[in-house]
Amino acid sequence: MPSPLAHIPALPAKPIVGHTLDVLNDSYGLHRRSAAAFGPVYKIKLLGKWRVSLGGADALEFILGDTDNLFSSAGGWEMLDVLFGGGLMLRDFGDHRAHRRIMQAAFRKPVLDLYRTRMAAALDPLIARWPAHEPFAFFPEIKTMTLQMGAAVFMGLPVDDPRVPKLNQAFIDEVAASMGVVRAALPFTKIRRGVKARAYLRDTFRALIPERRAAGGDDFFSQMCLARDDDGNCWSDDEIIDHFNFLLMAAHDTTAATLTKMIWAMATFPEWQDRMIAEVDALGDAPLDDAALAAMDVTDRVLREALRLLPPVPFIPRRATRDFTFNGVDVPGGTWVTAMAGMVMMSSVHWTDPDSFDPDRFSPNRAEDQSHRYAWAPFGGGAHKCIGLHFATMQVKVFMALLLRRFRVELAQGTPVVWKRMPIPSPKGGLPVRLIPR
Ligand code: HEM
């Protein structure tokens, strides 16, 4: 029987692995070549499955803005189910909406203010400990720091709590497993280690629930234990654990990768670092409250440009629940479909000289991001749009203000930095930098 996707074109694929290695080595190159050969609709074979790519900002709007229950997020992200099942992105439609309404309680403005205070208190001493003048690899260091900070802001534990190193290691194993190519929990595989780590994390979270339900706290976990929607619905213990486990994963590598790209940009384009420093100096020693963060406009543009050039989630997967037609191409129900936020953010249709680092493209007089509702979509869009977007922006600004009050940053390597995009963006070699006290 001919494949139901036989009419959709593809570049030649290797037996068994298909395009998986091309995706890992140069995902944007593969999509550029495919789009040049076939236009916006083509397929690629990744991790054993054919996936249909729909290119362009209109396609992003069509997929992410779906209100007809056509595109399943749980189906698209099914590879995460074994480790992060029950998380928001692994739920669909009415069920997803009901859970998201409860989670919203942990992201209300007054609660975000509490997290911000906790975050600044946890980060400042950690940044102060960084060595001056000594080269160190920024990416692994910021991953460690955001985990340490996460213990305080996400779990309400002291940064030096004895449980923190073991929790962080379990979390690292769990995330590494979700990226593993072998998907069965066979002995000595990443996934086996990840499944064990997940069990340990779940037990630890479960043990904290009674105390946090009773006493609350100004951290994510406590807020999720207390979270209720407007009708008073709340989560069971198992649901709290699932959502919290997923939230940690969604929050961590995304933010660490974004901060790393910003540090690279600040060191590579010192005139932008100077502008950020001037903006931070203008705040004086004032607390980093809402007004202070709102005044960090240059930092905001550098952040947006970093997310455009190196989005942590450049490809957003979905699974079609029924047949549909896009651009005149019929796609059968059950097909895995990819929304291409990363490619749209590099398209010359929406961006001037898209490869260049140019944060002023976000200035009000240029506003290139306004050329289409989905021209700039590093946080996705529609029902599953990143619920942590304000938290992530707040974290980036607090970190930058605290860093630049103490240090300037320089690259400690002479050669151009090479970036790996998949599965999570990272600089090859970890991005060696030097901090110069100000
Ligand atoms: C720069 C940092 C971040 C980026 C670029 C980012 C990106 C994204 C994207 C693209 C999605 C949508 C995926 C989809 O539609 O399938 C998403 C969803 C999500 N993000 Fe983020 N994220 C970031 C930080 C965070 C943080 C800090 C948190 C939590 C504090 C968080 C929590 C979530 C959750 C819970 C979802 C699922 C939402 C849903 O399914 O309704 N993210 N994120």
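Located above this text is the structure these notes cover.
Everything quoted here is computed from the prediction, not taken from an experiment.

The rules behind each value
- Residues numbered from 1 in each chain as written.
- Predicted model: local features only at pLDDT ≥ 70, side-chain atom pairs only at ≥ 80, totals over all residues.
- Heavy atoms only, no water.
- Axes fitted to C-alpha atoms, helices over the stretch in contact; angles between N-to-C directions.
- Helix = DSSP H or I, 4+ residues; strand = E, 2+ residues; numbered from the N terminus.
- Parallel < 35°, antiparallel > 145°, perpendicular 65-115°, else oblique.
- Contact = heavy atoms within 4.5 Å.
- Nonpolar A, V, L, I, M, F, W, Y, C, P; charged D, E, K, R; others polar.
- Expected span 1.5 Å × (residues − 1).
- Bend = angle between axes of the 7 residues up to and from the residue.
- Buried < 20%, exposed > 50% of the residue type's maximum accessible area, 1.4 Å probe, protein only.
- Near = heavy atom within 4 Å.
- Polar contact = N/O pair within 3.5 Å; in protein donor to acceptor, adjacent residues only side chain to side chain.
- Donors = N, O, S within 2.8 Å, 3.2 Å for Na, K, Ca; no water.

(A) Here's a closer look at the packing of helix H12 (residues 270–282) against helix H14 (residues 297–309). Their axes nearest at 8 Å, the elements H12 and H14 cross at an angle of 140°. Classed by the angle they form, the pair H12 and H14 counts as oblique. Between H12 and H14, the contacting residues are Trp272, Arg275, Met276 and Glu279 on the first element and Asp297, Val298, Thr299, Arg301 and Val302 on the second. In terms of residue class, the contact of H12 with H14 is built from four nonpolar, one polar and four charged.

(B) A look at helix H1 (residues 20–38). Compared with an ideal rise of 1.5 Å per residue, which puts 19 residues at 27 Å, H1 spans 19 Å between its outermost C-alpha atoms and falls more than 12% short. At Asp26, H1 shows its largest kink, close to 120°. Along H1, the residues that are buried comprise Thr20, Val23, Ser27, Tyr28, Gly29, Leu30, His31 and Ser34. Each element contacted by the buried residues of H1 is listed here: strand E1 (41–46), strand E2 (49–54) and helix H15 (341–344).

(C) Up close: the site of the ligand. Every one of the 30 residues lining the ligand counts as a neighbour, but Trp77, His96, Arg100, His384 and Cys386 are closest to it. Here an oxygen atom of the ligand and a side-chain polar atom of Arg100 are 2.8 Å apart. Listed by contribution, the elements that provide at least two residues to the shell around the ligand are helix H5 (93–103), helix H11 (237–268), strand E5 (316–320) and helix H16 (389–406). The greatest single-element share of the shell around the ligand, amounting to seven residues, is contributed by H11. Within the shell around the ligand, the residues separate by chemical class into 21 nonpolar, seven polar and two charged.

(D) Examining the coordination of the iron atom of the ligand more closely. Here the protein supplies the iron atom of the ligand with just one donor, Cys386 (SG), and that contact is 2.3 Å long. Summarising the element assignment, Cys386 is placed in the loop between H15 and H16.

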